[in-house]
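# A closer look at the structure
Here's the letter readout for the chains.
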Amino acid sequence: MRGLPLEVRGLGVVAGDARLLDAVTAAAPGGAVTVLAGPSGAGKSTLLQAIAGLRPHEGHVVLGDVRLDGRPPEGRGVGLVFQHGRLFPFLDVAGNVAFGLRGRGRAEAERRLDRVLALCRAEHLRDRAIDSLSGGERQRVALARALAPEPGVLLLDEPWSALDATLRLEVATDLLRAVRGSGTTAVVVTHDRVEALTLADHLWLIDRGRLLQQGTPEACYRHPATVEAARLLGEVMAWPLDPDGTIGGQPVPRVLRDVRGVRHAVLRPEDLEPVTTGGFRAEVAGASFLGDRWRIYGTIHGRPATWYGEKPRGKHQNLILHTE
Amino acid sequence: MIGRVWSAVLAVCLLVPVLVAAVTVVPGVPWAGPTSEGTGPFAYVLGLYGPYWLRSAFLALGVGGTALLVGTPAGVVLGRTRSRVLRAWLSTPLVVPGIALAVGIVALWGAVRGLLLLAAAHVLVVLPLVVRTVAAAVQGADLDALLQQARVLGESPARAWWRVGVPVLRRPLLASLLMAAAVSWGEFNVTFLLATPDRATFPAALYLAFTTNSLPVGGAALVLFLLPVVPLAWLAQAVGGEARQAA
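Computed from a prediction, not measured in an experiment: that's the story for all the values here. (Residues numbered from 1 in each chain as written. Chains lettered and ligands numbered in written order. Predicted model: local features only at pLDDT ≥ 70, side-chain atom pairs only at ≥ 80, totals over all residues.)

### Considering the overall build of chain A
- Regarding its fold elements, chain A presents eight helices and 18 strands.
- A principal-axis box enclosing the C-alpha atoms of chain A has dimensions of 75 × 40 × 30 Å.
- For chain A, the residues scored as buried account for 42% of the 324 residues in total.
- Taking the contacts inside chain A whose residues are at least 6 apart along the sequence as the reference set, 67% of them involve residues at least 24 apart. (Helix = DSSP H or I, 4+ residues; strand = E, 2+ residues; numbered from the N terminus. Buried ≥ 20, exposed ≤ 12 C-beta atoms within 10 Å, placed from the backbone. Contact = placed C-beta atoms within 7 Å.)

### Some words on the environment of Ile-51 of chain A
Residue and element names in this part refer to chain A.
- Inspection of the secondary structure puts Ile-51 in helix H1 (residues 44–52).
- By the C-beta count within 10 Å, which is 24 here, Ile-51 ends up buried.
- As a C-alpha pair, Ile-51 and Ala-27 span 24 residues in sequence and 12 Å in three-dimensional space.
- Apart from residues lying up to four places away in sequence, Ile-51 is in contact with Val-8, Val-61, Val-78 and Leu-155.

### Looking at helix H9 (residues 202–212) of chain B
Residues and elements named next belong to chain B.
- Turning to H9, its buried residues are Phe-202, Pro-203, Ala-205, Leu-206 and Ala-209. One side of H9 holds all its buried residues, which, seen down the axis, span an arc of 155°. Away from the buried face of H9 by more than 90 degrees, exposed residues Thr-211 and Thr-212 are located. (Arc of directions from axis to C-beta.)

### Considering the packing of helix H2 (residues 41–80) of chain B against H9 of chain B
All names here are of chain B.
- Running from N to C, H2 and H9 cross one another at 155°; their axes reach a closest spacing of 8 Å. Between H2 and H9, the angle is such that the two are roughly antiparallel. Contact residues: H2 offers Val-45, Tyr-49, Tyr-52, Trp-53 and Ser-56, while H9 offers Phe-202, Ala-204, Ala-205 and Ala-209.
- Here the contact of H2 with H9 is composed, by residue class, of eight nonpolar, one polar and no charged. (Axes fitted to C-alpha atoms, helices over the stretch in contact; angles between N-to-C directions. Parallel < 35°, antiparallel > 145°, perpendicular 65-115°, else oblique. Nonpolar A, V, L, I, M, F, W, Y, C, P; charged D, E, K, R; others polar.)

### As for the environment of Leu-54 of chain B
Residue and element names in this part refer to chain B.
- You can see Leu-54 is positioned in helix H2.
- In this structure Leu-54 comes out as exposed when scored by C-beta crowding, with 11 C-beta atoms within 10 Å.
- Taking the C-alpha atoms as reference points, Leu-54 and Leu-129, 75 residues apart in sequence, are found 24 Å from one another.

### Examining the packing of helix H6 (residues 143–152) of chain B against helix H7 (residues 157–186) of chain B
All names here are of chain B.
- Where H6 meets H7, the closest approach of the two axes is 9 Å, and the angle between their N-to-C directions is 135°. The pairing of H6 with H7 is recorded here as oblique in orientation. As H6 runs across H7, the sense of the crossing is right-handed. Contacts between H6 and H7 involve Leu-143, Leu-146, Leu-147, Ala-150 and Arg-151 on the former and, on the latter, Pro-157, Ala-160, Trp-161, Arg-163, Val-164, Gly-165 and Val-168. (Left-handed = near helix turned anticlockwise from the far one by under 90°.)

Now the structure itself:
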């Protein structure tokens with residue numbers, strides 16, 4: 001069971017009076033890395049646990065053409081890498097990685113052990129004790145352990161969350177290189193928008209237990225389905241529209257509804273471009289240097305706004321709005 | 001530094017009286033006084049109280065094992081629960097004095113005197129120790145998370161327990177067993193009320209030796225009393241320390 005597409009249909013999870021997941025329906029393409037992104041408390045880990053069979057759920061989990069609902073975790077063929085790795089402290093690295101290979105025969109287990117250790121660049125860690133590993137090494141071993149039984153789908157619950165911010169993207173990219181090398185379908189949790197856009201072949205955006213949008217990172221970024229989905233992938237300005245459906249008479253690139261159904265013009269900073277004449281007249285409140293450009297903030301027709309450009313010289317700038 | 005010195009002073013204060021009593025078995029110790037038993041103090045104690053020593057040893061091993069079997073599931077539950085009420089309830093026996101427990105047992109099962117009742121009482125005394133040790137290990141090792149991981153890697157709940165739960169808890173369980181056996185070996189309060197003269201344990205013999213025999217005989221009884229309990233306590237401490245490190 002490798003590289004199979006994963007589908008969840010109407011997945012719901014209830015804990016006491018709280019509905020943690022509400023009828024989530026989404027598909028992860030086979031052999032691709034799907035990133036499940038959302039803020040803290042959105043239900044990301046709950047969704048992974050439901051897929052893995054660790055939480056009772058409503059709805060269906062379908063791997064390939066096999067329905068997994070009702071099966072226990074050990075019967076789902078799903079691999080799961082938790083935050084902090086959850087390595088077994090009483091086993092060394094080889095013992096941990098080979099844990100899920102019971103019953104495969106000694107030669108086959110050795111072959112798989114060698115293969116996943118090489119895939120995860122962890123051959124040199126083979127005989128090491130778990131408490132001697134660094135954070136990044138632990139995650140590589142945890143990934144190798146999850147890949148060893150060749151699961152139909154691999155779920156990664158933000159396994160790099162404990163790492164230093166400067167290392168996170170590097171380790172995440174390295175781990176997902178190994179996942180892609182294995183050809184396994186993967187669903188990866190993150191709450192970081194840069195990680196979501198950088199790592200994903202496919203995106204699931206989730207908030208408050210509901211799926212907001214799914215699609216390629218570019219499609220989700222350029223054509224967000226809701227104001228909330230747009231916010232998950234980057235800075236946005238959500239402005240109430242004028243009665244004529246414009247902003248100060250100018251057409252806007254995207255009009256979206258928020259959760260209450262109110263229509264907003266949804267702009268990203270890069271939608272606004274400083275020009276010498278014409279366009280909006282913006283009042284500049286301040287600016288911060290980003291290295292290659294300045295991030296300028298102020299107001300346009302009384303609405304808070306952010307855009308990028310050269311260092312502002314004066315209290316006003318003219319801005320045009322890109323509609324594509 | 002001050003803390004270490006203070007701890008060392010306390011340890012000396014606790015150990016010196018024991019050592020003073022123990023060395024009375026050495027011939028010529030000035031404060032030992034004359035002996036009237038007509039034989040060496042160890043031979044005398046073993047001849048008179050040997051069966052007490054053996055009974056205590058069997059009792060300690062049986063009590064330790066039973067407490068482990070009975071207390072481990074409760075320790076796992078306590079380690080997993082977030083209920084403060086349950087925690088408080090399971091922790092209450094820790095603060096009940098042994099003599100109170102003995103009075104309660106006499107009131108409840110007084111008619112059933114015998115070694116079995118004594119063993120049951122000892123189990124009740126040491127049970128909180130086992131439960132608390134196992135509970136702390138369950139919490140420290142994040143056992144549920146590891147069991148979940150084992151399930152996802154293909155193990156049934158029972159096999160997950162066997163392959164992960166048992167190895168993770170092995171050292172805390174061994175430490176509990178040793179501590180329970182050590183406490184049972186030295187338990188006097190409960191034994192004093194519950195044991196009949198023909199079923200008395202070695203602590204009772206120690207009491208008799210000091211109250212009815214010469215000081216060297218009492219010292220010999222003390223040495224024989226400490227012989228298994230000190231290594232047991234040290235071993236439990238060592239195993240417990242390693243268990244904490246592993247967790």
